[in-house]
Amino acid sequence: MGSQVLQILRQGVWASLTGGWFFDPHQSTFSNCFHLYVWIFLLIFPFLLYMVLPPSLMVAGVYCLVVAVIFAAIKTVNYRLHAMFDQGEIVEKRSSTMGEPEEEPAQGDGSLPRDPGVEMTVFRKVSSTPPVRCSSQHSVFGFNQVSELLPRMEDSGPLRDIKELVREQGSNNVIMTSADREMLKLSSQEKLTAEEIGKRDRSSSVRRAQAIRRRHNAGSNPTPPASLMGSPPSSLQEAQRGRAASHSRALTLPSALHFASSLLLTRAGANVHEACTFDDTSEGAVHYFYDESGVRRSYTFGLAGGGYENPVGQQGEQAANGAWDRHSHSSSFHSADVPEATGGLNLLQPRPVVLQGMQVRRVPLEIPEFDLLDQDSLHESQEQTLMEEAPPRAQHSYKYWLLPGRWTSVRYERLALLALLDRTRGLVENILGVGLSSLVAFLGYLLLLKGFFTDIWVFQFCLVIASCQYSLLKSVQPDAASPMHGHNWVIAYSRPVYFCICCLLIWLLDALASAQPFPPVSLYGLTLFSASFFFCARDVATVFTLCFPFVFLLGLLPQVNTCLMYLLEQIDMHGFGGTAATSPLTAVFSLSRSLLAAALLYGFCLGAIKTPWPEQHVPVLFSVFCGLLVALSYHLSRQSSDPTVLWSLIRSRLFPELEERSLETARAEPPDPLPDKMRQSVREVLHSDLVMCVVIAVLTFAISASTVFIALKSVLGFVLYALAGAVGFFTHYLLPQLRKQLPWFCLSQPVLKPLEYSQYEVRGAAQVMWFEKLYAGLQCVEKYLIYPAVVLNALTVDAHTVVSHPDKFCLYCRALLMTVAGLKLLRSAFCCPPQQYLTLAFTVLLFHFDYPRLSQGFLLDYFLMSLLCSKLWDLLYKLRFVLTYIAPWQITWGSAFHAFAQPFAVPHSAMLFVQALLSALFSTPLNPLLGSAVFIMSYARPLKFWERDYNTKRVDHSNTRLVTQLDRNPGADDNNLNSIFYEHLTRSLQHTLCGDLVLGRWGNYGPGDCFVLASDYLNALVHLIEVGNGLVTFQLRGLEFRGTYCQQREVEAITEGVEEDEGCCCCEPGHLPRVLSFNAAFGQRWLAWEVTASKYVLEGYSISDNNAASMLQVFDLRKILITYYVRSIIYYVSRSPKLDAWLSHEGIATALRPVRAPGYADSDPTFSLSVDEDYDLRLSGLSLPSFCAVHLEWIQYCASRRGQPVDQDWNSPLVTLCFGLCVLGRRALGTASHSMSASLEPFLYGLHALFKGDFRITSPRDEWVFADMDLLHRVVAPGVRMALKLHQDHFTSPDEYEEPAALYDAIAANEERLVISHEGDPAWRSAILSNTPSLLALRHVLDDASDEYKIIMLNRRHLSFRVIKVNRECVRGLWAGQQQELVFLRNRNPERGSIQNAKQALRNMINSSCDQPLGYPIYVSPLTTSLAGSHPQLRALWGGPISLGAIARWLLRSWERLHKGCGAGCNSGGNVDDSDCGGGGGLTSLSNNPPLAHPTPENTAGGGDQPLPPGPAWGPRPSLSGSGDGRPPPLLQWPPPRLPGPSPASPAPTEGPRPSRPPGPGLLSSEGPSGKWSLGGRKGLGGSEGEPASGSPKGSTPKSQVPLDLSLSPDISTDASPPRAVQDIPCLDSSAPESGTPTGALGDWPAPAEERESPAAQPLLEHQY
């Protein structure tokens, strides 16, 4: 704890004060000295220049030049050094021990290299498992430094000495002193002399090895590419000939090659040899190369293309280096040389460990047995037996190019360079760093010359300058405002950028104060643009600049890109009424769009108020301005701030070739329908706005030009204010309170309940209630009528006042204020009406009754009050959060620090209130320090809050390697598998969220609000980011299903009811019916959250899981599963379209021919009488007769259901193929169960392996299946999955599948409506996102405390959620606190106090929803936009979007109806309804004729719609939607006409003429061609004159009928209808439905579905109603 605090103080607090400099005891002396001297120079140099030299710009120039030169030199050297490391041109390689570099001896010096001075060397076993994929794990056998002790072992002398040491010490621990090592070196000195000569000959040559980057993943067999390994020496052939001629100079191998050769020779008989060429990948070939750190490594190729990599240590002795240099490149040698060193390696296999301070640790000298054929077991053995070593520190020399052709040797390391200076990766960053440092120097010295600082403040300002410049060299990492772990390159530029901005602001304010270019302006009693105003602002900026060290210590300023996004968003929202931004790019786009609109409107407004107004008249130009203002505000309010979808739509129109290219690149992945849905939605919104903006502009122009606002200005304003206040109070306060779960925290039940409130289990979509329609209607009246009238009235009155007193106001400024205020107020009213009525009420009360003399016109007053109210709302939320969090009666102390901080925070309440005011003013979070009662202000953030776009990446079989899928099964944890349900929930919310908000199902809402959706197992936090007019951008964060203890306590708090609480203080007197008790009401008021809806219906999946072990515990249950497995295989064989090819395949027939021999039985040990129903006890195996005795009936039934006949005898090819596949499938199950299927755990393991598709064919008798892999993929694999489903159904009804027909139909039904797949399969995700009704999977749950298999069953249904609205400042404050604690304060305690449960604030749930690694959500959705048009109920209530095409279609339909009515009226006694029957052509009709009681089969055979009950006449509402094609609603569709002939699902209609019925009111006659309702008698509507009518009697031959007008009904088939008999033509008769039911059409209407498709599966704006 103490070291962590010291580290925080040193690297966090002190570094933040100095700009990045601190003393790091872990770094070298050079690094610390360099940091210190650079920082002192940057601090003292400007201070001495200012104190010694006279103030002049020349001195400032010299100062800037010196700083620029120094920074340019440092940046250049740093950049070049990193480039040198990237190129990896190693000149020479030395090693040093204990920090003492070794010098290479001279050419003529034959002395031995000096001993490094190590006192002891001990061989010991590793004490702990090294980290995964660390460098030591890549050494195959772990013995890198054996050759350091034994440079050459060509005789047995050294071996005997080592054995004597072992016997003397009496244990397997070998402790070697320097004397022992000297003895070993002297014994091999003679053999090294000859090799040393060859080393000296080549010592001057430069070895150039390109560094390669290698990362060993589990299961991989990397092969070093030939282009990355060094080139062979020129004397390779000579060396080979020399070794072949004289065996006396036989060379031994390096240590890694020794050990590999010993193992390979003794165990596998391998021929270990050095590779003679780069392409030599034969067994035992050894290659050498350098890695990126300059460490020499060896790679030995093993069996079957495998291989092992070994880092070869660099010997400290020159003799060893000589031998190494000879073999540093790929070469070859004779394998006969290998056994000479084998014996010594068998004894001294562990590596030496250099000990410091004489600390010797004795461990047994032992080595495990390695199996070279099992790479996984090899790696496991490595982890257990790796030798741990403190190797000599390697020193590498690199080429540093000074000039072209001139270079010098540099000996340095990349890690040391990174500790010395921050890395800049590009030339632009270096230029930016040098430029910023020079600009900081110039602006800082300029302020010193101006005399803004005196006395000690000069030194303080120089300290600020030094900190800003030093951060460009070595920044604070991590900074207090850094949003991420690790190195953040953006934060390095924060200090200098902010410093330059402040210096420019100080200089500009001082210049304005001195020059006074603007006349003083008095606004609301404040004098602006005066000299004192500018001087005061300058002093504030000066003090703020001097406080830079403390400002950055507290993290009050965000990083540069976050600050830019925040400023642009705040200007756009509060200045122009824009919506929230989702990125810096969207912020720039949104503000640019608002500025363009304001600039366009400003010209009209200025021109309107500069011209004189006649009495009681409004100029035309001002009316045009008003019309454009309302129309543009409406359009901008309906557009998202993210231009991505709009640009994609434009690109698809203007640059289709780019779109096709992007589609071609994305074809490899499954297509995502969301981009197309979003483009279609945006297209419909644009089409609708094209019409609506014109209509709004014309209507507004007409209203403004009518002078109603001038004539009634004394009365109209107060009438509009009262109306807006009354409607707003009723709509946004009274109705939401009556719909809350606890209205006013007094009642225990909502007053206005939804229909689903009393239902225990929701079975359908939520029904639209009358109060929801009322809420939506009142919002429309408020948005589109009341507030536009209020703004237009204020604009007209203010403009008239300005024109009447032109000398009193500045026309240019007034026109700008009117334009900006009008744009902002109208857009705010369109986007977020719940917050407008209070703003309007406070404006009227404050400036009309309290302080009328301060009023500057109602429009400007309203604009100012909107800014003030937004800040007051933020302050109110912050104070509620603070008071709720620190309330002493409900405080939860998560740690001892919390108990200490609680009383300490009481005296600082005043400071807390000041921080709350400042944080509300600047929209910054107020976060609890370490989760305690001490609150501090964080840096400003946009509404999105998080700087990066984090979203969950699912791990499945599409993005993992096959070996990991089969062996380790990545992503099999519950969190990864359960994240798909939150993804589906996000898709459902995308279709319904905006519509539900408009209907008031989530209560009042605004931008930045946070809600929690809680159900039985799903708990998600929904963050609303952008709220527009008909659109909402949100982000969903899903929490764990089985969360921690703290999460469960908070979930219980939000789901439990409070109706049973009967307490009042200390007693329990009870409470009134449906009224909360005193304690419950008091407790609900002290929460940072409230339940807004307890029965919110949303489509999702219900999850049920059954323990597979309990379902397969006994043998009888396993036998049932195996039986269903066999029958499922037979079913898929018979249903396969490739069955004929399989039966005629010669290879399959030849392999299966022996099974028909008498007495044949497959006696595999995996087959057993206990689990195989067809086990032949006489033959002790599976035989064809026993198989046929059990399954022949099922095979014959499946074959009979097949369309083509096939031989079904017991010895037929079909039965033989089924037998072979069933035997193969059961053997595969036994193989996967490791032939231990009698036990439950192996059986479940094998079943899960087969379920996920891991079929391993190990028996030669089953290799015939490889003739066609579809036998496995399409027959056996789905068979085991279907068997699991049938086995699960067996428990509900054991005798259901006894009959073959029932079993066959069940499998067919499951195959059609059920998806059975492994959860790691991408098909599983696709099925869920496409709203498959049911899914089934077998999940292996492997937790710390459990290892079990579960059968997961999903059923799509409507789920019930509780909607909890959380105080948004509570969420922002807790998120900011977690970021500061984990990133800046480096608290890595998983049980830290800040994440303990606090029910009053939901602290654990909110903190766990942070972005990883701060929190641990299992799913974070991308920013998702929901549109109101995608909500089916809202679309049915309001109609679809209006477009030119929809209007044209509506007009054509209306004209056709009118034409039909006139034509029928001119006919003898006809009416419109009769003509509809004759030639409706897909058009709807109106009729008052009641239906008969008994519909005939002719009219009801084709569809499922029932006649509506009798009632008043009603017809389909004319739709203006873009998708309107004249079709009636789905519930009113007429059945499609049947083709001639009987339907396969229904009996043939009775031949002969139908009995005639007397015509009467509401009845249609079915007479012959001359009938008065016949279509043939009407020319141009259904056919030509003289054609037979649709009601012609039997025997006539009518011509083909063509639909009436295909342009009116796009969905009607354009093909001509075939000739039909009279009974097949749909016509209204005695079964005519009620009025409004559409008649039959000659175009084929689609048959009505039994169940409407789910909204989550439909396109966004293609719902029908």
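The shown structure was predicted, so the numbers you read here are calculated from the model rather than taken from an experiment.

Reading the values: the criteria
Residues numbered from 1 in each chain as written. Predicted model: local features only at pLDDT ≥ 70, side-chain atom pairs only at ≥ 80, totals over all residues. Heavy atoms only, no water. Helix = DSSP H or I, 4+ residues; strand = E, 2+ residues; numbered from the N terminus. Buried < 20%, exposed > 50% of the residue type's maximum accessible area, 1.4 Å probe, protein only. Contact = heavy atoms within 4.5 Å. Areas by Shrake-Rupley, 256 points an atom, 1.4 Å probe, with all protein chains shown as cover. Patch = residues over 30% accessible without salt bridge, like charges linked within 9 Å, V, L, I, M, F, W, Y side chains within 5 Å. Salt bridge = Lys/Arg side-chain N within 4 Å of Asp/Glu carboxyl O. Lys, Arg positive; Asp, Glu negative; His and termini not counted. Charge placed at Lys NZ, Arg CZ, Asp CG, Glu CD. Polar contact = N/O pair within 3.5 Å; in protein donor to acceptor, adjacent residues only side chain to side chain. Axes fitted to C-alpha atoms, helices over the stretch in contact; angles between N-to-C directions. Parallel < 35°, antiparallel > 145°, perpendicular 65-115°, else oblique. Left-handed = near helix turned anticlockwise from the far one by under 90°. Core = buried A, V, L, I, M, F, W, Y, C linked by side-chain atoms within 4.5 Å. Phe/Tyr/Trp six-rings, centres within 6.5 Å; stacked < 30°, edge-to-face > 60°. Lys NZ or Arg CZ within 6 Å of the ring centre and 35° of its normal. Expected span 1.5 Å × (residues − 1). pLDDT = per-residue confidence, 0-100.

*Asks:* Explanation requested: the overall build of the protein in the structure shown.
*Replies:* Secondary structure summary: the protein contains 52 helices and 26 strands in total. Put simply, the protein has 1665 residues, and 53% of those count as buried. Taking all contacts inside the protein whose residues are at least 6 apart in sequence as the whole, residues at least 24 apart take part in 75%. Surface accessibility of the protein: about 73,500 Å² in total, with carbon and sulfur atoms responsible for 61%.

*Asks:* Sorry if this is basic, but what is going on with a negative patch on the surface here?
*Replies:* On the surface, a cluster of negative charge is made up of Glu 1059, Glu 1060, Asp 1061, Glu 1062 and Glu 1068. Within the secondary structure, Glu 1062 is located in the loop between helix H35 (1045–1055) and helix H36 (1078–1085). Overall, Glu 1062 belongs to the partly exposed group, its relative accessible area being 38%.

*Asks:* Looking at this model, I keep getting lost on the environment of Tyr 784. Mind explaining?
*Replies:* Among the secondary structure elements, Tyr 784 is positioned in helix H27 (residues 770–804). Along the sequence, Tyr 784 and Tyr 634 sit 150 residues apart, while their C-alpha atoms lie 9.1 Å from each other. Within the local environment of Tyr 784, its side chain forms a polar contact with the side chain of Asn 1029, the two groups lying 3.3 Å apart.

*Asks:* Is there a simple way to explain the side chain of Asn 430 in this structure?
*Replies:* Mapping Asn 430 onto the fold places it in helix H14 (residues 427–450). There is a polar contact of 2.5 Å between the side chain of Asn 430 and the side chain of Thr 424. Residue contacts for Asn 430: discarding those within four places in its chain leaves Lys 75, Tyr 79 and Thr 424.

*Asks:* Would you mind showing me how to read the packing of helix H19 (residues 560–576) against helix H20 (residues 584–610) here?
*Replies:* Between two packed helices, both the angle of their axes relative to each other and the distance between the axes serve to describe the pair. Two numbers describe how H19 lies on H20: the axes approach to 9 Å, and their chain directions differ by 30°. Considering the angle they form, H19 stands roughly parallel to H20. In this structure, H19 crosses over H20, and the sense of that crossing is left-handed. Of H20, the residues touching H19 (which contributes Asn 561, Met 565, Leu 568, Ile 571, Asp 572 and Phe 576) are Pro 584, Ala 587, Val 588, Ser 590, Leu 591, Ser 594, Leu 595 and Ala 598.

*Asks:* Help me out: how do you make sense of the nonpolar core in this one?
*Replies:* In terms of nonpolar packing, the biggest core is built from 121 residues, with Leu 989, Trp 1002 and Leu 1221 touching the most fellow members. With 12 residues, helix H42 (residues 1213–1232) is the single largest residue contributor to this core. Those residues within four positions of Leu 1221 in sequence are excluded, and the remaining contacts are Ile 1129, Val 1133, Trp 1264, Val 1265, Leu 1271, Val 1275 and Val 1276.

*Asks:* Would you mind showing me how to read the packing of aromatic side chains here?
*Replies:* For any pair of aromatic rings, the description rests on two quantities: the centre-to-centre distance and the angle between the ring planes. Under the definition given, this model contains 54 aromatic pairs. Considering the side-chain rings of Phe 622 and Phe 625, the 5.8 Å spacing of their centres and the 45° angle between planes classify their relative orientation as tilted. Here Phe 625 and Phe 622 lie together in helix H21 (residues 620–637), a separation of 3 residues that amounts to about one turn. Under the relative-accessibility criterion, Phe 625 is labelled buried at 0%. Relative to Trp 946, the ring of Phe 945 lies with its centre 4.9 Å away and its plane at 75°, an arrangement referred to as edge-to-face. We note that Phe 945, like Trp 946, is buried. Of the aromatic side chains, those joined through ring pairs into one cluster are Phe 453, Phe 461, Tyr 498, Phe 499, Phe 544, Phe 548 and Phe 552. Taking NZ or CZ as reference, Arg 1037 lies 5.2 Å from the ring centre of Trp 1375, over its face.

*Asks:* How should I be thinking about a nonpolar patch on the surface in this particular structure?
*Replies:* Together, Met 911, Val 914, Leu 918, Leu 921 and Phe 922 give the surface a local cluster of nonpolar side chains, amounting to about 450 Å² of exposed area. Along the chain, Leu 921 falls in helix H32 (residues 909–922).

*Asks:* Can you walk me through the packing of helix H41 (residues 1184–1200) against H42 in this structure?
*Replies:* Between H41 and H42, the shortest axis-to-axis distance is 10 Å and the interhelical angle comes to 115°. In terms of axis orientation, H41 runs roughly perpendicular to H42. Crossing geometry of H41 relative to H42 is assigned as right-handed. Here Leu 1184, Phe 1187, Cys 1188, Leu 1192, Ile 1195 and Ala 1199 of H41 lie close against H42, whose contacting residues are Leu 1214, Val 1215, Cys 1218, Phe 1219, Cys 1222 and Arg 1226.

*Asks:* Explanation requested: helix H38 (residues 1115–1135) in the structure shown.
*Replies:* The α-helix advances 3.6 residues per turn, and as a result positions three or four apart in sequence lie on the same side. For H38, with 21 residues, the first-to-last C-alpha span of 30 Å sits near the 30 Å given by 1.5 Å per residue. Most of H38 sits out of view: 16 of its 21 residues are buried.

*Asks:* Where do I start with unusual backbone geometry in this structure?
*Replies:* Peptide bonds are mostly trans, and most non-glycine residues show a negative phi. The linkage connecting Gln 477 with the following residue, Pro 478, adopts the cis geometry, with an omega of -5°. Tracing the sequence through the fold places Pro 478 in the loop between helix H15 (456–470) and helix H16 (494–515). Of note, the amide linkage connecting Gln 1412 to Pro 1413 takes the cis form, showing an omega dihedral of 5°. Its place among the elements puts Pro 1413 in the loop between helix H48 (1403–1408) and strand E25 (1419–1420). Despite not being glycine, Leu 930 shows a phi value in the positive range, around 55°.

*Asks:* Mind showing me how you'd approach the confidence of the model for the protein here?
*Replies:* Interpreting fine coordinate detail is not advised for predicted regions of low pLDDT. Averaged over all residues, the pLDDT of the protein equals 74, while 68% of them reach at least 70. In the model, residues 165–179 has pLDDT below 50 throughout and makes 35 contacts with residues more than four positions away in sequence or in other chains. For residues 1470–1665, every residue scores under 50 in pLDDT, and the model assigns this stretch 324 contacts once sequence neighbours within four places are set aside.

*Asks:* Can you help me understand the pattern of salt bridges in this one?
*Replies:* Where charged atoms of side chains with opposite charge meet at close range, the side chains can pair. Under the counting rule described, the total for this entry stands at 34 salt bridges. Salt-bridge contacts for Lys 1350 lead to Asp 1105; the nearest nitrogen and oxygen are separated by 3.4 Å. Of this pair, Lys 1350 sits in strand E24 (residues 1347–1366) while Asp 1105 sits in strand E19 (residues 1089–1107), and the two are 245 residues apart along the sequence. According to the relative accessible area criterion, Lys 1350 is buried, its value standing at 16%. Ionic pairing is found between Arg 1339 and Glu 1319, a salt bridge with its closest N-O pair at 2.6 Å. In this pair, Arg 1339 sits in strand E23 (residues 1334–1342) while Glu 1319 sits in the loop between strand E22 (1314–1316) and helix H46 (1322–1329), placing the two residues 20 residues apart along the sequence. A network of salt bridges, in which partner residues are shared, links Asp 1162, Asp 1164, Arg 1227, Arg 1261 and Asp 1262.

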